[in-house]
Amino acid sequence: SGRIVLAKTLLDFNDTPGALEGLSPALGEHIDMLRGRVSLGGHVSWPGTPDRDDQRLTIELVDVTVQGREFEIDNARGTVAFSSLVPLRTDGPRSVVMDFLNMGVPIERPELEFSIDGLERIKLHGVSGGFAGGKVSASDIDFFTHKPTRTTIEVTEVNATELASLAKVEGLYAEGSLSGA
């Protein structure tokens, strides 16, 4: 058994090529660039028990930018407090904002509110951001790692011309705007 106490440990990342591979070869395979500050604070005891207050860890993101092989995050900011590490559990809903997020669909100024209740259940309480000149949002999405997930996505004043250009299909053209769920 043991205990670690972190009194605001600061990790300062810059986009030096190869730096991430030295920290974690597995992350280096998926992340091309990492920049920004991540601070850690709190305490972790082992073995931990879910009914005791022996695992509290807070992670603060300060202007974190990540470019991966299939995604891009620009200037993420927010604080994520974990009430348990085994199983992984957030201390209630947490919020993270970014300047830009692209995981196949470019979203400007996304705001995410989420909670984690074990690795099998991640709940997205709300997400919204700019998309194709308009706005896109969704709420109350439960991600179960072993079950399909359904959700409703709302769009408001999405520019059809911009949306068609995102498809990158030669000759595809659209006019007007889209709103609805």
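Note that the structure is a prediction, hence the values are computed from the model and not measured.

Engineer: I'm lost on the overall build of the protein in this one. Help?
Structural biologist: In terms of helices and strands, the protein carries three helices and 12 strands. Per-residue burial over the protein gives 29% buried out of 181 residues. Working note: accessible area of the protein is about 11,400 Å², and carbon and sulfur atoms make up 55% of it.

Engineer: Any chance you could explain the nonpolar core here in plain terms?
Structural biologist: Buried together is how nonpolar side chains tend to be arranged in soluble globular proteins. The biggest cluster of nonpolar side chains holds 17 residues, and the ones touching the most others in it are Val64, Val96, Met98 and Phe114. At the level of elements, β2 (31–46), β3 (55–68), β4 (72–85), β8 (106–116) and β10 (134–144) are the ones that each hand at least two residues to this core. Ignoring any residue separated from it by four or fewer positions in sequence, one finds Val96 in contact with Leu61, Ala76, Arg77, Val80, Pro110, Glu111, Leu112 and Phe114. Judged by nonpolar contacts, the second largest core, of five residues, contains Ile107, Phe131, Val136 and Val158.

Engineer: Looking at this structure, how should I read the pattern of salt bridges?
Structural biologist: Close approach of charged atoms allows side chains of opposite charge to pair. Counted according to the given criterion, the structure contains seven salt bridges. Of the charged contacts, one joins Arg121 and Asp142 as a salt bridge, the two residues approaching to 3.0 Å between their closest N and O atoms. Here Asp142 lies in strand β10 and Arg121 lies in strand β9 (residues 121–131), a separation of 21 residues in the sequence. Arg121 sits in the partly exposed class, given a relative accessible area of 30%.

Engineer: For this particular structure, what's the right way to read the pairing of β8?
Structural biologist: Successive residues of a regular strand alternate their side chains across the two faces of the sheet. In terms of strand pairing, strand β6 (residues 94–97) meets β8 through four bridges, oriented antiparallel. Bridge pairing in β8 places Ser95 opposite Glu113. Where strand β7 (residues 100–102) and β8 come together, three bridges link them in antiparallel fashion. Bridged to Asn102 within β8 is Pro106. Relative to β9, β8 runs antiparallel, the two being bridged by seven bridges. Within β9, the residue paired with Glu111 across the bridge is Ser128. Between β8 and β9, which follow one another and run antiparallel, lie four residues, and Gly118 among them has a positive phi close to 80°.

Thresholds applied
- Residues numbered from 1 in each chain as written.
- Predicted model: local features only at pLDDT ≥ 70, side-chain atom pairs only at ≥ 80, totals over all residues.
- Heavy atoms only, no water.
- Helix = DSSP H or I, 4+ residues; strand = E, 2+ residues; numbered from the N terminus.
- Buried < 20%, exposed > 50% of the residue type's maximum accessible area, 1.4 Å probe, protein only.
- Areas by Shrake-Rupley, 256 points an atom, 1.4 Å probe, with all protein chains shown as cover.
- Core = buried A, V, L, I, M, F, W, Y, C linked by side-chain atoms within 4.5 Å.
- Contact = heavy atoms within 4.5 Å.
- Salt bridge = Lys/Arg side-chain N within 4 Å of Asp/Glu carboxyl O.
- Pairing = 2+ DSSP bridges.

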